[in-house]
Amino acid sequence: MTHPYSPPMIAAVLEFGGVEVDELVASTHTDEIRRLALLNERIAALGLTNPIPEAKPWETE
Amino acid sequence: MTKVVTSLHESDSIEFASIAEIGRMYRTCEIDPIAVTQSAISRIREYDSNIKAFITVDDERALSEARFAAQELGGAVDRGPLHGVPVAIKDNIDTLDMRTTGGSGVWSDRVPDSDAELVKNLREAGAIVIGKTNMQEFAHGVPHPDFGQTRNPWDPARTAGGSSGGSAAAVAAGFCFAAVGTDTGGSVRVPASYCGVAGLKPTYGLVSTQGVFPLSWSLDHAGPLARSSGDAALLLEGMTGGVFRSMDKVDIGALRVGLISPHAEGPELEQDVQNSFLETIELLRQHGAAVEPVEIRNLEIGEVALSGIVGPEASVAHSQMLLDRPGGYAAQTRSQLEVGFGTPATLYVRLQQFRRQLATEFLTAMRGLDILVSPTVAWSAPAEDPSILSEQGLHEGRRTVPYNLIGFPALSLRSGFDREGLPIGFQIAARPMQDALVLGVGAALESLIR
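What counts, and at which threshold
Residues numbered from 1 in each chain as written. Chains lettered and ligands numbered in written order. Predicted model: local features only at pLDDT ≥ 70, side-chain atom pairs only at ≥ 80, totals over all residues. Heavy atoms only, no water. Helix = DSSP H or I, 4+ residues; strand = E, 2+ residues; numbered from the N terminus. Buried < 20%, exposed > 50% of the residue type's maximum accessible area, 1.4 Å probe, protein only. Rg over C-alpha atoms; globule rule 2.2 N^0.38 Å. Areas by Shrake-Rupley, 256 points an atom, 1.4 Å probe, with all protein chains shown as cover. Lys, Arg positive; Asp, Glu negative; His and termini not counted. Charge placed at Lys NZ, Arg CZ, Asp CG, Glu CD. Core = buried A, V, L, I, M, F, W, Y, C linked by side-chain atoms within 4.5 Å. Contact = heavy atoms within 4.5 Å. Pairing = 2+ DSSP bridges. Axes fitted to C-alpha atoms, helices over the stretch in contact; angles between N-to-C directions. Disulfide = S-S within 2.5 Å. Phe/Tyr/Trp six-rings, centres within 6.5 Å; stacked < 30°, edge-to-face > 60°. Expected span 1.5 Å × (residues − 1). Bend = angle between axes of the 7 residues up to and from the residue. Polar contact = N/O pair within 3.5 Å; in protein donor to acceptor, adjacent residues only side chain to side chain. pLDDT = per-residue confidence, 0-100. Salt bridge = Lys/Arg side-chain N within 4 Å of Asp/Glu carboxyl O.

**Q** Which residues make up the overall build of chain A, and what values do they have?
**A** For chain A, the count of helices and strands is two helices and zero strands. Looking at chain A residue by residue over its 61 residues, the buried ones come to 36%.

Rendered as structure tokens:
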């Protein structure tokens, strides 16, 4: 099917595993990707410079 | 239907005794774990076809464990307060030789070869694992059609909530004395609120998530659900192998309480929920607590940030299974997992930065305060769970999600009922590792409310 938004990555994952997707699924993607893009702009405006929460890569399960 | 509604909660029968009371009766030989376990199984068999709290119940194994517990207790081997007590485990948590589906068709026949660490700890404490509870698919999607939606014991026309709805409903319906859930954005506290039970999201890392299938490594927590904060504290002690010891004894009159102002209002907040919240605040004040409003900078970003972290982490966790068995997922679940592949990496990193900043904002706002309070959810149990990516889904998690981002402990307890007789939840949060305080406040408040 044709997807209503352009990022090729998303179009690719919609075909993930060769599974058909319906209009509901496509619309979920569209709305959420738009919302996340707005959130990204908003949080970028905070200008955060701190590191991400500590991760200790030498500690394994 | 009427029989189910009126008999599934708040009864004087043994199935609704507290864990402490059951333990006392075991030790005075008034009753034994075999009779209690048999009674729980009978109750599940009678009512659960309507509630759908369980995916798997292992009668034979539970009764075998009950016989062993009775033998140990009779022989003066005492493993503590959970010894011989039937509990349930959410079905995304591995249980040795007991089917663990994650609430998904992908794992319909999966049987783990070991227990999750928290389950090992519970067994060591003598708890009897009576079965595995129903959940939204992999704690992220919708109820899978193979298992159906867990219904609310207070009104089976309503949802029990998600994603730990089976655990909350099982406790509320008297099918077990406590249950384990998982909480990545509110999945213990939301169903606890809808089902009128106590549900704790502990401090991040206090309970091991080894053997719990990940939804989001950054935000996943496992926590207890029980009919009181005291029982939840006992389950937490068992889940942590005794790292958590016991809840604090709290004097309400000495408490300094922060009321998160934006969470006490909002267009989505139902009037009955707001009234119940304000009545509980008034109760705290009447008993001497000092309550003051609190504002937290950038809280509104934290309220909607969940999917920017959960999405990509869940997509990575599921990537191989999405390739191997895409048809095993419900369509909506698969859609939500797929969208995470398209989340911008810059957003993910910024949100990880933001978590630390938000935690600082909370700690700053909490100066001079012991706890923070809010309604748990803006409404009582709806007929169906909203999609987590919908506007309603964002509203549902608005008051719970921030605590997953910052890792602070947060408890939901029942503060009252709405005009339709449905439970309403009240949320109490504190600084990291103050789980004992949160539970102690919960117990003190429950004694005032009931």
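**Q** Could you give an account of the overall build of chain B, naming the residues involved and the relevant values?
**A** Looking only at helices and strands, chain B features 16 helices and 13 strands. The C-alpha radius of gyration of chain B comes to 20 Å, within 12% of the 22 Å expected for a compact globule of 450 residues. Counting the 450 residues in chain B, one finds 67% classified as buried. When the accessible surface of chain B is summed, it comes to about 14900 Å², and 51% of that surface belongs to carbon and sulfur atoms. Computed over 37 positive and 54 negative side-chain charges, the inter-centroid distance for chain B is 2 Å.

**Q** Could you give an account of the nonpolar core, with specific residues and numbers?
**A** Core analysis: the biggest nonpolar cluster contains 62 residues, and Leu-118, Leu-122, Ile-371, Val-373, Phe-426 and Ile-428 of chain B have the highest contact counts within it. With seven residues, helix H16 (residues 435-449) of chain B is the largest single contributor of residues to this core. Setting aside residues no more than four positions away along its own chain, Phe-426 of chain B makes contact with Phe-277, Thr-280, Ile-281, Leu-284, Val-373, Ser-374, Thr-376, Leu-411, Ser-412, Leu-413, Ser-415 and Leu-445 of chain B. Counting residues in each nonpolar core, the second largest holds 44 residues, with Leu-36 of chain A together with Val-294, Leu-337 and Tyr-403 of chain B among its members.

**Q** Summarise unusual backbone geometry; cite the residues concerned and give the values.
**A** Trans peptide bonds make up most of the peptide bonds, and negative phi angles are found at most residues other than glycine. All names here are of chain B. Of the consecutive residues Gly-162 and Ser-163, the connecting peptide bond is found in the cis state with omega at 5°. Along the polypeptide, Ser-163 turns up in the loop between strand E5 (155-159) and helix H6 (165-172). For Phe-138, which is not glycine, the phi dihedral falls at a positive 50°.

**Q** An account of the sheet that holds strand E7 (residues 198-201) of chain B is requested, with residue identities and associated values reported.
**A** Residue and element names in this part refer to chain B. With respect to topology, eleven strands assemble into an open sheet ordered E1-E3-E2-E6-E8-E7-E12-E13-E11-E9-E10, the strand pairing being mixed. Since the sheet does not close on itself, it has two edges, and those belong to strand E1 (54-57) and strand E10 (290-294), each with one partner. Across the sheet, the axes of successive neighbouring strands diverge by a mean angle of 30°, strand direction being ignored. Sheet topology note: the strand E2 (residues 86-90)/strand E3 (residues 128-133) ladder contains five bridges and is parallel. What sits directly across from Pro-86, in E3, is Ile-128.

**Q** Provide a residue-level description of the state of the cysteines, including the pertinent values.
**A** Counted according to the given criterion, the structure contains zero disulfides over all chains. Free cysteine Cys-195 of chain B: the closest other cysteine sulfur is in Cys-176 of chain B, separated by 12 Å.

**Q** Tell me what's going on with the packing of aromatic side chains, and back it up with residues and numbers.
**A** Residues and elements named next belong to chain B. Under the definition given, this model contains nine aromatic pairs over all chains. Ring centres of Phe-362 and Phe-408 lie 6.1 Å apart, and the angle between their planes is 75°; on these two criteria the pair is classed as edge-to-face. One end of the pair, Phe-362, is in helix H13 (residues 345-365); the other, Phe-408, is in the loop between helix H15 (401-406) and strand E12 (410-417), with 46 residues separating them in the sequence. An aromatic cluster is defined as three or more aromatic residues linked by ring pairs; in this entry it consists of Trp-107, Phe-138, Phe-213 and Tyr-329.

**Q** Please set out helix H11 (residues 306-324) of chain B residue by residue, giving values where relevant.
**A** Residue and element names in this part refer to chain B. Helix length check: H11 (19 residues) gives 27 Å between terminal C-alpha atoms against 27 Å at 1.5 Å per residue, within 8%. Within H11, the axis deviates most sharply at His-318, by approximately 55°. With 14 of 19 residues buried, H11 is to be regarded as a mostly interior element.

**Q** So what's going on with the side chain of Ser-307 of chain B? Residues and values would help.
**A** Here Ser-307 of chain B lies in helix H11. A relative accessible area of 12% means that Ser-307 of chain B is categorised as buried. Among the polar contacts made by the side chain of Ser-307 of chain B, one reaches the side chain of Glu-32 of chain A at a distance of 2.5 Å. Look past the residues within four positions of Ser-307 of chain B in its chain and what remains in contact with it is Glu-32, Arg-35 and Leu-36 of chain A together with Pro-312 and Leu-389 of chain B.

**Q** Tell me about the confidence of the model for chain B, and please be specific about residues and values.
**A** Residues and elements named next belong to chain B. Here chain B averages 95 in pLDDT, and 98% of its residues register 70 or above. Across residues 1-6, where pLDDT falls below 50, the model places ten contacts with residues more than four positions away in sequence or in other chains. Complex prediction metrics read pTM 0.93 and ipTM 0.81.

**Q** How would you sum up the environment of Asn-404 of chain B? Please name residues and give values.
**A** All names here are of chain B. In this fold, Asn-404 is placed in helix H15. Relative accessible area serves as the criterion here: at 0%, Asn-404 is assigned to the buried category. The spacing of Asn-404 and Arg-355 is 49 residues in sequence and 9.2 Å in space, taken between C-alpha atoms. When neighbours within four sequence positions are excluded, Asn-404 is seen to be in contact with Asp-183, Thr-184, Gly-185, Gly-186, Arg-189, Lys-201, Leu-219 and His-221.

**Q** I'd love a proper account of the pairing of strand E8 (residues 221-226) of chain B, names of residues and values included.
**A** Residue and element names in this part refer to chain B. For E8, a buried count of six out of six residues is recorded, marking the element as mostly surrounded by other parts of the structure. Burial along E8 is two-sided: His-221, Gly-223 and Leu-225 facing one way and Ala-222, Pro-224 and Ala-226 facing the other are all buried. As defined by bridge partners, strand E6 (residues 178-183) adjoins E8 across six bridges and the pair is classed as antiparallel. Bridge pairing in E8 places Val-180 opposite Pro-224. Examined bridge by bridge, E7 and E8 share two bridges and lie antiparallel to one another. Note that in E8 the partner of Gly-199 across the bridge is Leu-225.

**Q** Describe the pattern of salt bridges, with residues and values.
**A** All names here are of chain B. Taken as a whole, this structure holds 24 salt bridges over all chains when the rule is applied. Glu-65 is the salt-bridge partner of Arg-123, the closest N and O atoms lying 3.0 Å from each other. You can see Arg-123 sitting in helix H5 (residues 117-124) and its partner Glu-65 sitting in helix H4 (residues 59-74), a full 58 residues away along the chain. Judged by relative accessible area, Arg-123 falls into the buried class, the value being 18%.

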